[in-house]
Protein chains: 2
Amino acid sequence: MKLKVKELRFMAGRPIAILNSWTANHMNVHVGERINLSKYSDDIVSIVDVSRDLISNNEVAVSQEILESLNIREGDEVDVSPASKPTSAFYIKKKMDGLVLNKDEIHTIIEDIVNNALTEAEIAYFVAAVYKNKMTAQETEALISSMVSVGKRLSFPGVVADKHSIGGIAANRTTPIVVSICVAAGLTMPKTSSRAITSAAGTADVIESIARVEFTTEELKKIISKVGGCMVWNGVLGLSPADDKLIQTERILGLDPEAQLLASVLSKKIAVGSKYVLIDIPFGESAKVDKKRALDLKKKFEFFGKKFGLNLKCVLTNGEQPIGRGIGPLLEIRDVIRVLKQEDSPKDLENKALFLASELLELSGKCKKGKGYSLAKEILTSGKAFHKFQSIIEAQSGKVPTIKEIEQRLGKHKKDILAPTNMKIKSINNKKINAIASSAGCPMDKGSGIYLYKHVGDNVKKGEKILTIYSESKNRLEEALDLYKKINALS
Amino acid sequence: MKLKVKELRFMAGRPIAILNSWTANHMNVHVGERINLSKYSDDIVSIVDVSRDLISNNEVAVSQEILESLNIREGDEVDVSPASKPTSAFYIKKKMDGLVLNKDEIHTIIEDIVNNALTEAEIAYFVAAVYKNKMTAQETEALISSMVSVGKRLSFPGVVADKHSIGGIAANRTTPIVVSICVAAGLTMPKTSSRAITSAAGTADVIESIARVEFTTEELKKIISKVGGCMVWNGVLGLSPADDKLIQTERILGLDPEAQLLASVLSKKIAVGSKYVLIDIPFGESAKVDKKRALDLKKKFEFFGKKFGLNLKCVLTNGEQPIGRGIGPLLEIRDVIRVLKQEDSPKDLENKALFLASELLELSGKCKKGKGYSLAKEILTSGKAFHKFQSIIEAQSGKVPTIKEIEQRLGKHKKDILAPTNMKIKSINNKKINAIASSAGCPMDKGSGIYLYKHVGDNVKKGEKILTIYSESKNRLEEALDLYKKINALS
């Protein structure tokens, strides 16, 4: 069908074409489906939106991507037809029906995902298929290598090391401490982190409260060559762009298929050129995994790590309650600074960070087996770790604030929760605590969050403070309080 | 986050808001996700698109739906925040995890689908969950009643009857013949049909080659009261709007979960007020279902039909090859007219239509058991059926063309396929024949398609014509020929 071009004055990040509903009906295409636009020998596939008015039957409104690609302008005529399904749609159907995909088929799917050739619905079908039917070891290996091959690959001088936590534990902000200790010990750590997915804050959200976290790969290289390490957001680096898209789609229902979890973590570690990788798998009641699944994941991470030439070790840690006292960007950075400055340090956070740092120092050969803990401890208590933290934050255009400065930025609206009776804390539910912190405004509002005074096992007297909820907005504080009353986050 | 409104000069059929990529990152929302826009006490949920330029960090471009709903205009400030997941997303996750949904949960999902509250990806997850985990009888019943309750319901005077084929057989254009016979016999038949989904043409595509098929429900009522029946497209009537959306999403991978197939058919029959429903289930090698599945479907259709107070009967028919000679809109309407005029009538099509008509006449009590065939035959051979067909086509603003007029409109580009050797036709594959007809331009190009000279079992001499491919475009004819050479549609 020949249609006249109208210009949409925006770049949508992918080609978008709007048809009049009559035209769409007659072409038998619907919102979210694909059409092919062609002019002379050029053509481009676009996602369809449908408009009831403002576009006539003989017109198609197109985004800038299409104008540029076909070298056309408003008023030109283009040939428009329904686009055929990409081959990867057949492979997704195959996987949905429980069959095993080969390497090329997986690669085609991953390539189509990064090239915007698959719609959100198609990617959702792929996620659902992998979630329901799982992947074999061969499929998972192909998924990892495909994800790496469609992204950028960096390489840094020195002994390049990395740590990763599978997440799910509230607070648990060990990364800035581990990075500061290990980089001070001489390791190179190009640490890239995510923003909050299911928690109240990711490392990127936390660091962003005092420094920049979005850099190009060129800027990243400069930071690493200057200070040896970084703590940046992985979302803009394009290290594993297929993973970035899959994660968006998984978030919709909170699905987390194992093959994609493995591929997500490993593809990013391989992409930044890490040789030594420590993976923290917290397990327990309200953690992401129980002990059985944790042991299974450990085996799989180590298996695929070896396949891709990584020195990879998994440690299982206690994930029964939050680690540290603050939950939310500024409350977490305060905990981190307290540990690094060794002033009123939350001991559970300090101990876990020292444990992880010592494991990574030993794994990477920075010290002998059994000597990691004393080395890490020395670096922390001597102030070397804090000094390294300061240089990294400054290299990321930030400045380490004083505790007082942080406290001035905490949410103005707050509410103490007191023990209704004498009690012993039996459990603190990570998911529920995270949900309350989110409803208080985390991670968008850096000063919102929860401060926990108690740990599991503590005895609390009637009227004693259990926790404080902070929020930058009065409404959100009330929402968080309502949620607190509805769900039993502590018992 | 407060953002300044920019106006998008189109209605997208649902609220669309475009954020700058920086703003989207900071809000942690991605393409296809939802944001909440509010002004004073009004708010609206919108799907997000992301733009790299033309919108600044402090702006949001919104479609007309949003401007109208919030009563705002360009330059106003609105409050924008990530929207929380709709409750139905949790139910979809529940179904994905293999749990059973209750009536209210299914109703919430269906309501959110029609209210545009679910994204394409979320609907895809629902389809995948039902495809993989199936639905119980209670769930299926809830699905049918929810689909009916969110759509329009019509009612017509007289004995309201309907027929439906589950499809999958090439050509097989019995509907116009059955409707003409049964309406001539005094039944009321508000027949709504789909356009092609997996075949070369749906009844709506075929009738559209000689009449209008898109009407409002008001227009539909007028047609029925005037001539007693119609053959229109169901896509614009809003009879089962949830089904229309689910079908779009199923099409993406060609999934056809059984519960949705049952709900799709029955919800539309209930919505038009049918009391007597005949369902044709063709089975066989290249049909949609084999005999076992056909018998199972029959049981289920009859079970749910009874639940909803329908007099429903399923007939299993031979689906091993196309029914009729023409495949494609104009070629099929020619077969239909040949049967109705009793001139050079394709006997397989005539016999199947007479069989279905007789079953429906008996089911609806228009004649005694055993008398349906002779009644149907009399109506057909006397010309009453053709006369009724003419009145319906005219009521739908069309005119029944002569065979010659049809032939003048067939694709100018055509190619005869001759038998390469003496042979006996062993099989004709419906799916492959449909695929070839589609690549020749069906159903968009009304004059494209395939004319079959042979049936399964026929002996063919070397050089004798087996079929002719018609196309409105030279390129498409070549594509269809290429495809014909690649796949064995006949053997």
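What counts, and where the lines are drawn
- Residues numbered from 1 in each chain as written.
- Chains lettered and ligands numbered in written order.
- Predicted model: local features only at pLDDT ≥ 70, side-chain atom pairs only at ≥ 80, totals over all residues.
- Heavy atoms only, no water.
- Domains from an automatic or database assignment.
- Least-squares fit on C-alpha atoms with pLDDT ≥ 70 in both.
- Helix = DSSP H or I, 4+ residues; strand = E, 2+ residues; numbered from the N terminus.
- Polar contact = N/O pair within 3.5 Å; in protein donor to acceptor, adjacent residues only side chain to side chain.
- Contact = heavy atoms within 4.5 Å.
- Core = buried A, V, L, I, M, F, W, Y, C linked by side-chain atoms within 4.5 Å.
- Buried < 20%, exposed > 50% of the residue type's maximum accessible area, 1.4 Å probe, protein only.
- Arc of directions from axis to C-beta.
- Buried area = accessible area lost by both parts, 1.4 Å probe.
- Salt bridge = Lys/Arg side-chain N within 4 Å of Asp/Glu carboxyl O.
- Pairing = 2+ DSSP bridges.
- Axes fitted to C-alpha atoms, helices over the stretch in contact; angles between N-to-C directions.
- Parallel < 35°, antiparallel > 145°, perpendicular 65-115°, else oblique.
- Nonpolar A, V, L, I, M, F, W, Y, C, P; charged D, E, K, R; others polar.
- Phe/Tyr/Trp six-rings, centres within 6.5 Å; stacked < 30°, edge-to-face > 60°.
- Lys NZ or Arg CZ within 6 Å of the ring centre and 35° of its normal.

**With respect to the domain arrangement of chain A**
Reasoning step 1: Examined at the domain level, chain A breaks down into domain 1 (2-82), domain 2 (87-133), domain 3 (161-238 + 256-403) and domain 4 (410-486).
Reasoning step 2: On a C-alpha basis, the centres of domain 2 of chain A and domain 4 of chain A stand 42 Å from each other.

**Remarks on the relation of the copies chain A and chain B**
Reasoning step 1: After a rotation of 180° and a shift along the axis of 0.0 Å, chain A superposes on chain B with an RMSD of 0.1 Å. On the angle and the small slide along the axis, the relation comes out as a two-fold axis. Across chain A, the rotation axis passes nearest the C-alpha of alanine 121 of chain A, at a separation of 2.0 Å.

**Regarding the side chain of serine 448 of chain A**
All names here are of chain A.
Reasoning step 1: With respect to the helices and strands, the residue serine 448 is situated in the loop between α18 (430-439) and β15 (449-452).
Reasoning step 2: Separated by 3.0 Å, the side chain of serine 448 and the backbone oxygen of alanine 440 make a polar contact.
Reasoning step 3: Setting aside residues up to four positions removed in sequence, serine 448 forms contacts with Ile327, Gly328, Pro329, Leu331, Ala440, Gly441, Cys442, Tyr470, Ser471 and Glu472.

**Description of the nonpolar core**
Reasoning step 1: One finds Tyr125 and Phe301 of chain A together with Tyr125 and Phe301 of chain B to be the most contacted residues of the largest nonpolar core, which totals 101 residues.
Reasoning step 2: Considering every element that reaches this core, the biggest residue donor is helix α5 (residues 120-133) of chain A, with ten residues.
Reasoning step 3: Dropping the residues within four chain positions of it, tyrosine 125 of chain B is found in contact with Ala124, Val127, Ala128, Thr249, Glu250, Ile252, Leu253 and Leu255 of chain A together with Ile92 and Met96 of chain B.

**As for helix α15 (residues 372-381) of chain A**
All names here are of chain A.
Reasoning step 1: Looking at α15, one finds that the buried residues are Gly372, Ala376, Ile379 and Leu380. What you see down the axis of α15 is that its buried residues fit within an arc of 100°, all on one side.
Reasoning step 2: With its phi angle positive at about 90°, glycine 383 sits one or two positions after the end of α15.

**Focus on the interface of chain A and chain B**
Reasoning step 1: Contacts between chain A and chain B engage 59 residues on the former and 59 residues on the latter.
Reasoning step 2: Carbon and sulfur atoms make up 58% of the surface buried where chain A meets chain B, a total of about 5,000 Å² over both sides.
Reasoning step 3: Considering only the side of chain A, the residues that lose the most area to chain B are Tyr125, Leu253 and Met444 of chain A, jointly responsible for 14% of the buried surface there.
Reasoning step 4: At the boundary of chain A and chain B, one finds two salt bridges.

**Quick notes on unusual backbone geometry**
Residue and element names in this part refer to chain A.
Reasoning step 1: Cis rather than trans, the peptide bond between cysteine 442 and proline 443 has omega equal to -5°.
Reasoning step 2: Structurally, proline 443 is set in the loop between α18 and β15.
Reasoning step 3: A positive phi angle, near 60°, is found at serine 397, a position not held by glycine.
Reasoning step 4: With respect to the element layout, serine 397 can be found in the loop between α16 (384-395) and α17 (403-409).

**Structural notes on the pairing of strand β1 (residues 2-7) of chain A**
Residue and element names in this part refer to chain A.
Reasoning step 1: Here three bridges tie β1 to strand β6 (residues 77-82), and the two strands are oriented antiparallel to one another. Bridge pairing in β6 links leucine 3 to valine 78.
Reasoning step 2: With four bridges connecting them, β1 and strand β5 (residues 59-62) associate as parallel partners. Note that in β5 the partner of lysine 4 across the bridge is glutamate 59.

**As for the packing of helix α4 (residues 103-114) of chain A against helix α10 (residues 241-253) of chain A**
Residues and elements named next belong to chain A.
Reasoning step 1: The geometry of α4 relative to α10 is characterised by a closest axis approach of 9 Å and an angle of 80° between their N-to-C directions. Taken together, α4 and α10 sit at an angle that is classed as roughly perpendicular. Contacts between α4 and α10 pair Ile110, Ile113 and Val114 from the former with Pro241, Ala242, Lys245 and Leu246 from the latter.
Reasoning step 2: Looking at the contact of α4 with α10, its residues break down into six nonpolar, no polar and one charged.

**Observations regarding the pattern of salt bridges**
When their charged atoms lie close together, side chains carrying opposite charge are able to pair.
Reasoning step 1: Summed over the entire model, instances satisfying the criterion amount to 67 salt bridges over all chains.
Reasoning step 2: Residues aspartate 162 of chain B and lysine 269 of chain B are paired through a salt bridge, measuring 3.5 Å at the closest nitrogen-oxygen approach. One end of the pair, aspartate 162 of chain B, is in strand β7 (residues 161-165); the other, lysine 269 of chain B, is in helix α11 (residues 258-271), with 107 residues separating them in the sequence. We note that aspartate 162 of chain B, like lysine 269 of chain B, is buried.
Reasoning step 3: Several salt bridges share partner residues, and in doing so they unite Arg195, Asp205, Glu208, Glu214 and Lys446 of chain A into one network.

**Section: the packing of aromatic side chains**
Residues and elements named next belong to chain B.
Reasoning step 1: As enumerated under the stated definition, the model contains four aromatic pairs over all chains in all.
Reasoning step 2: With centroids separated by 4.9 Å and ring planes inclined at 85°, the aromatic side chains of phenylalanine 303 and phenylalanine 304 adopt a geometry described as edge-to-face.
Reasoning step 3: A centroid spacing of 5.1 Å and a plane angle of 75° characterise the contact between tyrosine 451 and tyrosine 453, whose relative ring orientation is edge-to-face.
Reasoning step 4: In this structure tyrosine 451 comes out as buried when scored by relative accessible area, which is 8%.
Reasoning step 5: The cationic tip of lysine 39 hangs over the ring face of tyrosine 40; the distance from NZ or CZ to the ring centre is 5.1 Å.
Reasoning step 6: The lysine or arginine in question, arginine 195, covers the ring of tryptophan 233, its NZ or CZ lying 4.4 Å from the ring centre.

**Structural notes on the sheet that holds strand β3 (residues 34-39) of chain B**
Reasoning step 1: The strand order β1-β5-β2-β4-β3-β6 (chain B) describes a closed barrel built from six strands, whose pairing is mixed. Averaged over all neighbouring strand pairs, the angle between strand axes comes to 45°, with direction disregarded.

**As for the environment of glycine 447 of chain B**
Residue and element names in this part refer to chain B.
Reasoning step 1: In this structure, glycine 447 sits in the loop between α18 (430-439) and β15 (449-452).
Reasoning step 2: By relative accessible area, glycine 447 is classed as buried at 0%.
Reasoning step 3: Taking the C-alpha atoms as reference, glycine 447 lies 4.1 Å from leucine 410; in sequence the two are 37 residues apart.
Reasoning step 4: Setting aside residues no more than four positions away along its own chain, glycine 447 makes contact with Leu330, Arg409, Leu410, Gly411, Tyr470 and Glu472.

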